[in-house]
Amino acid sequence: MDQSTRRLTVAQALVRFLSAQYTERDGVRHRLIAGTWGIFGHGNVAGIGQALLEAGEQAMPFHQGRNEQAMVHAAVGYARQLGRLSAQAVTTSIGPGATNLVTGAALATINRLPVLLLPGDYFATRAADPLLQQLEHPVEADLSVNDTLRPVSRYFDRITRPEALVPSALAAMRVLADPAETGAVTLALPQDVQAEAYDWPEEFFAERVWRVRRPAPDPVELAEAARAIRGAERPLIVAGGGVHHSAAEAALRELVDATGIPVASTQAGKGSLRHDHPADLGGIGHTGTAVSDDLARTADLVIGVGTRYTDFTTASATLFRNPGVRFVNLNITAFDAHKLAARPLVADARAGLEALAEALAGHRVAAAYEAEYRLGKERWERVVADAFRADDENAVPTQTQVLGALDSVVGDADVVINAAGSLPGDLHKLWRARSPRQYHLEYGYSCMGYEIPAGIGVQQAAPGTPVWSLVGDGTYLMMPTEIVTAVQESLPVNLVLIQNHGYASIGGLSQSVGGERFGTAYRYRAADGTFSGAPLPVDLAANAASLGMDVIRAKTVRELRDALAEARASDRPTCVYVETDPAPTAPPAQAWWDVPVAEVASREAAVDARATYDGHTAERRRHL
């Protein structure tokens, strides 16, 4: 055993350790921590900042961000593009820099995507107490603002002594690389400890490989699942994000080709089958397609693959209506596999699908069932075509025509990114996903501001890939800051900026639940005190240009299509700005979503909305 040591600061040791960590799956190796994002202040500039400088770009590439939350979003986009096999770290100072991480950490953990957070912290020695930006608590002296990261982290530790880094760093890597446990991992680093020297064992810096396992299903669980599928007359697969995370798309396609079982997808699972596969029914749930939701209502067996069954997927527990419906859930986490009183199949998605295909050899659904869902798919394709079509090329485009124009321009390898607003619903219902990574929707947390930094992360993970960040004006105003980063790094992210003068999605929701679109428009205040005046004279295209982007303004459908093609051909960060016709052209929701309505109200809109709400809640059921 090597007993030699090396004297380094805690920060230097951590950076050196991270540079030697790898994942391996199916014989392919990746850097586990491929780079570090950072904004420096007094909590990390002399610690992690100095250590990154000393290590150099080859050992640990450094990326300069403008907003701490956005840096986490970029790291999440990077990890998702690479199937969770490679991640990035994010370092901040203490105080607001650290608390700005919380939203990004929640997004990462909810979406089960790895990111390493390294916020600065107070002095462990209390030599200076209180510090600038330190939170003081009268009865918990060891509490800091970093403790806000505990509930949104899959692993959290505060490194108050140098030697404590060794077990904590190893535990952090285990969680980041574990497909069932991964999410945000936080190592809070007191700033005096970061700069403290220690004699580290050389073994700590040895190259270490974390193998990403593919656990096979239990034989008894597999047999029960296969028996249930063979006995079902109307089975339906719900493909979730776990299909992509485990690179199980080919295994899913082979199972479907052999059995004829149709596939509906969650937001995270869309693209599990290519859109033109005869068994791909598109999105499911509140923002799903008519054919998916119709089949879900009559399915006697639902086979969840890598899905968490959020309320958008289940239409708030109103979608699966067959009195005898049962569930089989293939998931790498037992927590998700047991949802909806399912027969659990706890396994890696690819390994589980391959085992199911073998166990179901010779089985196929009835020809009449295949004909039924294929006919439903054809009908929905006509709905998509109508929503995308522009009869007048010189007219102002609607939002769905924006998607139609983009659909006509993108190639199979392009990545389309979105997270919030009215676009997720339109995309889930209408987008024709051509490849497993093309449809990149962050809808676990649906965080406004995710799209632009995530586009940067995807570009870093897949250089040369055309990336489209789709945002409305509300989302853009939340977080345009990383445009500067894209310009600085010469990353040709394409921003499609849709101006519709307010929170369109929430405005529509408000209207449906009796809120009368209150507080959702970006307009001048009128004489009656409401925001119902003229639209605000905000020029978001000029703002994007001022941050360094090339900007193309498009006023018509024809101009928009030309602008998108020009942006795709550019090697510069490019913004395509378009003001849309606000008239709704997307097909209506095919299933309900539960947003509680005021039980008592004096305004007629709320009273009517409550009556509708009561009708829907009567259809809710618990699957026991």
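Cut-offs used in this document
Residues numbered from 1 in each chain as written. Predicted model: local features only at pLDDT ≥ 70, side-chain atom pairs only at ≥ 80, totals over all residues. Heavy atoms only, no water. Helix = DSSP H or I, 4+ residues; strand = E, 2+ residues; numbered from the N terminus. Rg over C-alpha atoms; globule rule 2.2 N^0.38 Å. Buried < 20%, exposed > 50% of the residue type's maximum accessible area, 1.4 Å probe, protein only. Areas by Shrake-Rupley, 256 points an atom, 1.4 Å probe, with all protein chains shown as cover. Lys, Arg positive; Asp, Glu negative; His and termini not counted. Charge placed at Lys NZ, Arg CZ, Asp CG, Glu CD. Pairing = 2+ DSSP bridges. Axes fitted to C-alpha atoms, helices over the stretch in contact; angles between N-to-C directions. Contact = heavy atoms within 4.5 Å. Salt bridge = Lys/Arg side-chain N within 4 Å of Asp/Glu carboxyl O. Polar contact = N/O pair within 3.5 Å; in protein donor to acceptor, adjacent residues only side chain to side chain. Core = buried A, V, L, I, M, F, W, Y, C linked by side-chain atoms within 4.5 Å. Nonpolar A, V, L, I, M, F, W, Y, C, P; charged D, E, K, R; others polar. Parallel < 35°, antiparallel > 145°, perpendicular 65-115°, else oblique. Left-handed = near helix turned anticlockwise from the far one by under 90°. Phe/Tyr/Trp six-rings, centres within 6.5 Å; stacked < 30°, edge-to-face > 60°.

Q: Even after reading the chapter, I still don't get the overall build of the chain, so can you show me in this structure?
A: Check the secondary structure of the chain and you find 24 helices and 23 strands. Since a compact globule built from 624 residues should have a radius of gyration of about 25 Å, the 25 Å found for the chain is in line with a globular shape. Here the C-alpha coordinates of the chain stretch approximately 70 × 70 × 55 Å along the principal axes. When each of the 624 residues of the chain is scored for burial, the buried share is 57%. A total accessible area of about 24,500 Å² is found for the chain, and carbon and sulfur atoms account for 53% of it. With 57 positive and 72 negative side-chain charges, the chain shows a separation of 4 Å between the mean positions of the two kinds.

Q: Would you take a moment to explain helix H5 (residues 101-110) for this structure?
A: In an α-helix, one full turn covers 3.6 residues, which means residues spaced three or four apart are oriented alike. Of all ten residues that make up H5, seven are buried, and the element is covered over most of its length. Where H5 is concerned, the buried positions are Leu-101, Gly-104, Ala-105, Ala-106, Leu-107, Ala-108 and Thr-109.

Q: Looking at this structure, how should I read the sheet that holds strand S13 (residues 263-265)?
A: Think of a sheet as strands paired side by side through backbone hydrogen bonds, with each pair either parallel or antiparallel. Ordered by their spatial adjacency, six strands build an open sheet running S14-S13-S12-S15-S16-S17, and the pairing between neighbours is parallel. Looking at which strands have only one partner, the edges of the open sheet turn out to be strand S14 (280-283) and strand S17 (343-346). Each strand axis lies, on average, 20° off the axis of its neighbour in the sheet, ignoring direction. Summarising the sheet, strand S12 (residues 235-239) and S13 pair through three bridges and their orientation is parallel. From the neighbouring strand, Ile-237 faces S13, where its bridge partner is Val-263. Running over the sheet, helix H14 (residues 349-359) touches strand S15 (301-305), strand S16 (326-331) and S17 and is turned about 125° from S16.

Q: In this structure, what is going on with the sheet that holds strand S9 (residues 184-190)? I would like to understand it.
A: Strand order in the open sheet formed by six strands is S5-S4-S6-S7-S9-S8, and the pairing between neighbours is parallel. At either end of the open sheet lies a strand with only one pairing partner, and these are strand S5 (62-64) and strand S8 (155-158). In this sheet, neighbouring strand axes are inclined to one another by 20° on average, regardless of whether the strands run parallel or antiparallel.

Q: Would you mind showing me how to read the pairing of strand S22 (residues 550-554) here?
A: Two faces, one strand: in a regular strand the side chains alternate between the faces of the sheet. Bridging between S22 and strand S23 (residues 574-579) involves five bridges; their strand directions are parallel. Bridge pairing in S23 links Val-551 to Cys-575.

Q: Sorry, what's going on with the pattern of salt bridges here?
A: Two side chains with opposite charge may pair up if their charged atoms get near one another. Under the criterion given, the structure shown has 34 salt bridges. Between Arg-364 and Glu-370 there is a salt bridge, with the nearest N and O atoms lying 2.9 Å from each other. The partner of Asp-407 in a salt bridge is Arg-434, and the shortest N-O contact between them spans 3.1 Å. Note that Asp-407 is positioned in helix H16 (residues 399-409) and Arg-434 in the loop between helix H17 (423-430) and strand S19 (439-441), a separation of 27 residues in sequence.

Q: Looking at this structure, I do not really get the side chain of Ser-435. What am I missing?
A: Following the sequence through the fold, Ser-435 ends up in the loop between H17 and S19. For Ser-435, the side chain forms a polar contact with the main-chain oxygen of Asp-412, separated by 2.6 Å. Excluding residues that lie within four positions of it along the chain, Ser-435 makes contacts with Gly-271 and Asp-412.

Q: Could you clarify how one ought to interpret the nonpolar core in this entry?
A: As a rule of thumb, nonpolar side chains are buried together in soluble globular proteins. Counting residues in hydrophobic clusters, the biggest one holds 82 residues, and the most contacted among them are Ile-237, Leu-252, Trp-468, Leu-470 and Leu-564. Among the elements that take part in this core, helix H15 (residues 367-388) stands out by supplying six residues, more than any other. Residues contacting Ile-237, with those up to four places away along its chain left out, are Leu-252, Leu-255, Val-256, Ile-261, Pro-262, Val-263, Ala-264, Ile-303 and Val-305. Counting 36 residues, the second-largest nonpolar core is a separate cluster that includes Phe-17, Leu-32, Leu-187 and Leu-189.

Q: Looking at this structure, how should I read the environment of Ala-127?
A: With respect to the element layout, Ala-127 can be found in the loop between strand S7 (115-121) and S8. C-alpha separation for the pair Ala-127 and Asp-192, spaced 65 residues apart in sequence, amounts to 9.1 Å.

Q: Any chance you could explain unusual backbone geometry here in plain terms?
A: In most cases, non-glycine residues show a negative phi, while peptide bonds are predominantly trans. Residue Asp-129 is joined to Pro-130 through a cis peptide bond whose omega torsion reads 5°. Looking at where Pro-130 falls in the secondary structure, it is placed in the loop between S7 and S8. One non-glycine residue, Ala-247, lies in positive phi territory at about 55°. One non-glycine residue, Ala-315, lies in the positive phi region at around 50°. If you trace the backbone, Ala-315 turns up in the loop between helix H12 (311-314) and S16. By relative accessible area, which is 0% here, Ala-315 ends up buried.

Q: Would you mind going over the packing of helix H11 (residues 290-298) against H15 with me for this structure?
A: The relative placement of two packed helices is expressed as an angle between their axes plus a distance between the axes. The interhelical angle for the contact between H11 and H15, taken along N-to-C directions, is 145°, at an axis separation of 8 Å. Across from Ala-290, Val-291 and Leu-295 in H11, the residues of H15 making contact are Tyr-369, Glu-372, Tyr-373, Gly-376, Lys-377 and Trp-380. Here the residues of the contact of H11 with H15 are counted per class, giving six nonpolar, one polar and two charged.

Q: In this structure, what is going on with the packing of H16 against H17? I would like to understand it.
A: Put simply, H16 and H17 touch, their axes get as near as 11 Å, and they point 50° apart. Accordingly, the angle class assigned to the pair H16 and H17 is oblique. The handedness of the crossing between H16 and H17 is right-handed. Contacts between H16 and H17 involve Gln-399, Thr-400 and Leu-403 from the former and Leu-423, Asp-426, Leu-427 and Leu-430 from the latter. Tallied by class, residues from the contact of H16 with H17 come to four nonpolar, two polar and one charged.

Q: Mind showing me how you'd approach H11 here?
A: Among the residues making up H11, those that are buried are Ala-290, Val-291, Ser-292, Asp-293, Leu-295 and Ala-296. Close packing links the buried residues of H11 with S12, S13, S14 and H15.

Q: In this structure, what is going on with the environment of Asp-157? I would like to understand it.
A: Looking at the element boundaries, Asp-157 is found in strand S8. With 33 residues separating them along the chain, Asp-157 and Pro-190 place their C-alpha atoms 11 Å apart. Sequence-distant contacts of Asp-157, defined by excluding residues within four places in its chain, comprise Ser-168, Thr-186, Leu-187 and Ala-188. A polar atom in the side chain of Asp-157 sits 2.9 Å from the side chain of Ser-168.

Q: In this structure, what is going on with the packing of aromatic side chains? I would like to understand it.
A: According to the stated counting rule, one finds eleven aromatic pairs in the structure shown. With 4.5 Å between their ring centres and 10° between their planes, Phe-17 and Phe-204 make a pair best called stacked. Placement of the pair is Phe-17 in helix H1 (residues 10-18) and Phe-204 in the loop between strand S10 (197-201) and strand S11 (208-211), with a sequence separation of 187 residues. Phe-204 shares its class with Phe-17; the two are buried. Taken together, a centroid distance of 5.8 Å and an interplanar angle of 20° make the contact between Trp-200 and Phe-204 stacked. As far as burial versus exposure is concerned, Trp-200 and Phe-204 are alike and both buried. Clustering of aromatic rings is evident, with ring pairs tying together Phe-17, Tyr-198, Trp-200, Phe-204 and Phe-205.

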